[in-house]
Each structure stands twice: as structure tokens, then as C-alpha cells.
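Here is how the chains run, residue by residue.
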Amino acid sequence: MDAAKLAGKDEIGVRVGKIINQYKVAKHFELVIEDAAFVFRRTPASITAQAALDGIYIVRTSVPATHMAAADCVRNYKSLANVERAFRSFKTIDLKVRPIHHRLADRVRSHIFLCMLAYYVEWHMREAWRELMFADAGQALSGSADQGRPRHPRRRHPSAQLWHFDG
């Protein structure tokens with residue numbers, strides 16, 4: 001069974017590096033690699049700090065706070081799903097705008113303009129015909145008042161504890 005064992009710092013380091021890079025956990029471990037041994041220890045401070053950030057996200061913008069409030073920034077970020085859906089609808093069953101391979105810059109700009117114009121007309125039609133199409137009120141394209149409101153981080157319950165494993 002000696003054939004299956006790794007020998008040398010280089011071989012051990014390469015194998016450990018693959019695992020650490022795959023799972024992105026290097027910051028949570030202290031590694032000691034020797035010619036015939038590999039030892040690792042968890043860094044509890046790093047793990048605790050990372051666990052405190054679970055469920056939190058940050059939205060940064062270059063727009064000054066005087067022009068857009070934090071709640072509006074989050075709402076606009078969350079509405080990007082509508083923009084992505086619009087770009088998907090350009091090429092699929094809604095608008096059926098097939099890819100056209102232009103070589104001149106003016107033609108590319110014109111093609112994109114026409115795609116955006118077609119989507120704009122479609123969006124207004126959907127809004128105007130919302131009741132006729134039996135669209136769900138919660139799925140309004142314009143968004144509801146509380147959609148995208150920033151959420152406050154949840155407090156950890158005192159009984160919640162981190163798993164401790166000493167490797």
C-alpha cells in the first residue's frame with residue numbers, strides 16, 4: 001500500500017492545493033507540509049468571523065446617496081432579474097429576434113436599438129393588458145412597494161453553536 005501514499009513536499013502540496021482551491025477554504029486552515037507528513041489545524045477565529053457574515057450581502061454603487069437611497073439601490077439591484085428576462089425574451093419565443101451578425105458599428109447599434117424598442121413595446125403591452133392576461137399581482141413588472149427592501153440581518157439564537165472539529 002506504500003504506492004498510494006504521497007511523498008515529498010511538492011506532491012503533498014499539489015494534492016492539498018487542489019482540495020483547498022476546489023472548496024475555497026484556505027483561509028480557515030493552518031497547514032504544515034513536510035516531506036513525509038501533512039498536518040492541518042482549523043482557525044476558529046476565521047471560521048467564526050465568516051459564520052457571522054452568512055446571509056449578508058453588500059450592494060455597492062457609484063451613484064451618490066443624494067441621488068438614490070439605500071432601499072432604492074437594493075430594489076434596483078433585485079430588479080435586474082427583469083432585465084435578464086428581457087434579454088432572454090429577445091432571442092426566444094416572445095420576440096423571436098434571431099442573432100444577426102453585423103460587421104459595421106452603426107448596424108450593431110441599430111440592431112440593439114430595435115431589440116430594446118421591441119421589448120419596450122412588449123413591456124407596455126403586458127402592463128396595459130395585465131388584467132386580461134390574468135397576471136398575478138405579485139409578479140408586476142413595475143415591482144411592488146416592498147419588493148427589494150433591504151432586510152435586517154437575523155440574530156443568532158443563543159442555542160445555535162458552531163460545529164467544532166479538531167483535525
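Residues numbered from 1 in each chain as written. Predicted model: local features only at pLDDT ≥ 70, side-chain atom pairs only at ≥ 80, totals over all residues. Heavy atoms only, no water.

Considerations on the overall build of the protein chain
Piece 1. A count of helical and extended segments in the protein chain gives five helices and two strands.
Piece 2. Looking at the protein chain residue by residue over its 167 residues, the buried ones come to 12%.
Piece 3. Of the roughly 14500 Å² of accessible surface on the protein chain, 60% is carried by carbon and sulfur atoms. (Helix = DSSP H or I, 4+ residues; strand = E, 2+ residues; numbered from the N terminus. Buried < 20%, exposed > 50% of the residue type's maximum accessible area, 1.4 Å probe, protein only. Areas by Shrake-Rupley, 256 points an atom, 1.4 Å probe, with all protein chains shown as cover.)

Concerning the pairing of strand β1 (residues 29–33)
Piece 1. Where β1 and strand β2 (residues 38–42) come together, five bridges link them in antiparallel fashion. Note that in β2 the partner of Glu30 across the bridge is Arg41.
Piece 2. Once β1 ends, the chain turns through four residues before running back antiparallel as β2. (Pairing = 2+ DSSP bridges.)

Here we look at the pattern of salt bridges
Piece 1. Inspection of the entire model under this criterion finds three salt bridges.
Piece 2. Here Asp72 ties to Arg75 by a salt bridge, and the two come within 2.6 Å at their closest N and O atoms. Taken together, the residues Asp72 and Arg75, both in helix α3 (residues 70–78) and three residues apart, mark about one turn of the helix.
Piece 3. With relative accessibility at 31%, the residue Asp72 sits in the partly exposed group.
Piece 4. By relative accessible area, which is 26% here, Arg75 ends up partly exposed.
Piece 5. For Arg109, the salt bridge identified is with Asp106, shortest N-O distance 2.7 Å. Taken as a pair, Arg109 and Asp106 lie in helix α5 (residues 105–128) at a separation of three residues, close to a single helical turn. Across the pair, Asp106 and Arg109 agree in class, each one exposed. (Salt bridge = Lys/Arg side-chain N within 4 Å of Asp/Glu carboxyl O.)

Some remarks on the packing of aromatic side chains
Piece 1. The final tally for this structure, using the stated rule, is two aromatic pairs.
Piece 2. Measuring from centroid to centroid gives 5.8 Å for Phe29 and Phe40, while their planes differ by 70°, and the two rings are edge-to-face. Here Phe29, found in strand β1, pairs with Phe40, found in strand β2; they are eleven residues apart in sequence, far enough to count as distant.
Piece 3. Three or more aromatic residues link up through ring pairs in this structure, and these residues are Phe29, Phe38 and Phe40. (Phe/Tyr/Trp six-rings, centres within 6.5 Å; stacked < 30°, edge-to-face > 60°.)

Overview of the environment of Val39
Piece 1. Note that Val39 resides in strand β2.
Piece 2. What makes Val39 partly exposed here is its relative accessible area of 40%.
Piece 3. Every residue in contact with Val39, bar those within four places of it in the chain, is listed here: Glu30, Leu31 and Val32. (Contact = heavy atoms within 4.5 Å.)

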